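Report on the structure
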Amino acid sequence: MFGFGRQKSSPASEEADAEASASGRGERVQSSNDGQKGRLAGAIARAAKQDKPSSRMFSRLKEAVARTSAVLNADINDLVVGRSEIDEDLLEELEIMLVSTDVGVPATRRIIRSLKYSIDRHQASDADAFLVAIRKELHALLARNNQPVRQAAPGRPQVILMVGVNGVGKTTTIGKLTKQLQAEGNSVMLAAGDTFRAAAVEQLQVWGERTDVPVVAQQMGADPASVIFDALETATANGVDVLIADTAGRLHTKANLMEELKKVARVMKKLDPDAPHEVMLVVDATTGQNALHQAEQFHQAVPLTGITMTKLDGTAKGGILFAISEALDVPIRFIGIGEQVEDLRHFDPDEFLSALLGP
Ligand SMILES: Nc1nc2c(ncn2[C@@H]2O[C@H](COP(=O)(O)OP(=O)(O)O)[C@@H](O)[C@H]2O)c(=O)[nH]1
Ligand SMILES: [Mg+2]
């Protein structure tokens, strides 16, 4: 799934297998670098093929971002409709509007600067051309962070470390992700790293039962680094494809939390220097600018490699996605648009903008 899970039977690895058996040694001679390229290329090719959302799925996305769209899209249209000429006065109004929809000041400034450049060169001088130019700017913002998910070395589990404050949807996202990874043929194991609350361990165990995957857990108050270390050891011994580790979103102090996450990331490197392959921050879109502050703080403690933004359904603050893309060089991997498993959606800038602004 877009780099998550094993990238099975890519052409490169099939070739390598053929080469291995032809050489008569019966072992894979594929160098790990070639393997990575092959697996990744395979994943991207599959993603491109699969990512034609059915119209039903697209309707659901459109419905989910309707409240954000009602503000952003309607305001942008109101601004330009009926104007025969696009001038810099309009840019001031657009600036105020973008900032007020949680796009944030730095991203808005960049967009305005770029639009001014286009207007000065008469490249966006009527309403239609101006709308196209705005969309292009928004797209560039969302698409600029597109680092692929790091793959695990052969024979090792890919480790996804989920971080984020309480209530954003980490555990629920783990459940949905597990289901999706399983559907693509991956074996999954979960690690109950949120040992701060007994209920957190139980909640993960419920997901474990529901998806029929093992959950490595210890008692409440146990050292999360030790729980996750154990889990990685077990996952490796059992040839598990993906290990997803849950973590606490709140400790006695924020400093404690960040130190604990650093320790978790450090300790698992004793088993696999590449782990965690993905540090996924989960943020809640309904919290607007708070989501941005959280992203910045977590990124300082444990460098993030991906973001999942949940609860885009039912908020008008979806513009925060642009602010986070501007502030951090970290790709948005998934968006959550509801409670169902399929409501965890791979984030596609084109699809998202079409849902938000129309075709
Ligand atoms: N509407 C909506 N609710 C969500 C979404 N993702 C998670 N939730 C809900 O958010 C609440 C908190 O989720 P939880 O996974 O326990 O958060 P955690 O504390 O970060 O582990 C639960 O009631 C979830 O059902 C989403 O995309 N949309
Ligand atoms: Mg949780």
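Notes on the structure follow. Note that this is a predicted model, so its numbers are computed, not measured.

Quick look at the packing of helix α5 (residues 88-100) against helix α6 (residues 105-120) now. In contact at an axis separation of 10 Å, α5 and α6 are set at 160° when each is read in the N-to-C sense. The angle between the axes of α5 and α6 places the two elements in the roughly antiparallel class. Judged by the twist between their axes, the crossing of α5 over α6 is right-handed. In this structure, α5 contributes Glu88, Leu91, Leu94, Glu95, Leu98 and Val99 to the contact, and α6 contributes Val105, Thr108, Ile111, Ile112, Leu115, Lys116 and Ile119. Its residues placed into classes, the contact of α5 with α6 shows 9 nonpolar, 1 polar and 3 charged.

Neighbouring ligand 1 are 19 residues; Gly169, Lys170, Thr171, Thr172 and Gly336 lie closest to it. Considering each element in turn, the shell around ligand 1 owes the most residues, 3 residues, to helix α8 (residues 170-183).

Among the structural elements, phenylalanine 347 can be located in the loop between β8 (344-346) and α14 (349-357). On a C-alpha basis, the gap between phenylalanine 347 and methionine 309 in space is 9.3 Å, while along the polypeptide they are 38 residues apart. Residue contacts for phenylalanine 347: discarding those within four places in its chain leaves Ile332, Arg333, Phe334, Ile335 and Phe352.

In this structure, Leu161, Ala231, Leu243 and Ile244 are the most contacted members of the largest nonpolar core, which totals 92 residues. When residues in this core are grouped by element, the largest group, 6 residues, is from helix α7 (residues 127-143). Once you skip the residues sitting within four places of it in the chain, isoleucine 244 turns out to touch Ile160, Met162, Ile174, Leu177, Thr178, Val188 and Leu190.

Turning our eyes to something else, we now look at the pairing of strand β5 (residues 278-284). Burial of β5 is extensive: 7 of the 7 residues sit out of reach of the surface. Here β5 shows a buried face lined by Glu278, Met280, Val282 and Asp284 and a second buried face lined by Val279, Leu281 and Val283. Judged from the 4 bridges that link them, strand β1 (residues 158-163) and β5 form a sheet pairing that is parallel. Bridge pairing in β5 places methionine 162 opposite methionine 280. Bridge count for β5 against strand β6 (residues 306-310) is 5 bridges, and the pairing is parallel. Considered in β6, the bridge of leucine 281 is made with isoleucine 307. A crossover links β5 with its parallel partner β6, the connecting element being helix α12 (residues 289-301), and its sense is right-handed.

Taken in spatial order, the 8 strands line up as β3-β2-β4-β1-β5-β6-β7-β8 in an open sheet, and their pairing is mixed. Lying at the two open borders of the sheet, with one neighbouring strand each, are β3 (215-216) and β8. Summarising the sheet, strand β7 (residues 332-336) and β8 pair through 3 bridges and their orientation is antiparallel. Bridge pairing links glycine 336 to leucine 344 in β8. In the packing of helix α11 (residues 254-268) onto the sheet, contacts are made with β1, β2 (188-193) and β4 (242-247), and the angle to β1 comes to roughly 175°.

Scoring rules and cut-offs
- Residues numbered from 1 in each chain as written.
- Chains lettered and ligands numbered in written order.
- Predicted model: local features only at pLDDT ≥ 70, side-chain atom pairs only at ≥ 80, totals over all residues.
- Axes fitted to C-alpha atoms, helices over the stretch in contact; angles between N-to-C directions.
- Helix = DSSP H or I, 4+ residues; strand = E, 2+ residues; numbered from the N terminus.
- Parallel < 35°, antiparallel > 145°, perpendicular 65-115°, else oblique.
- Left-handed = near helix turned anticlockwise from the far one by under 90°.
- Contact = placed C-beta atoms within 7 Å.
- Nonpolar A, V, L, I, M, F, W, Y, C, P; charged D, E, K, R; others polar.
- Near = placed C-beta within 6 Å.
- Core = buried A, V, L, I, M, F, W, Y, C linked by C-beta atoms within 7 Å.
- Buried ≥ 20, exposed ≤ 12 C-beta atoms within 10 Å, placed from the backbone.
- Pairing = 2+ DSSP bridges.
- Right-handed = clockwise from strand over helix to strand, strands pointing away.

Just distances and angles here, no functional claims.
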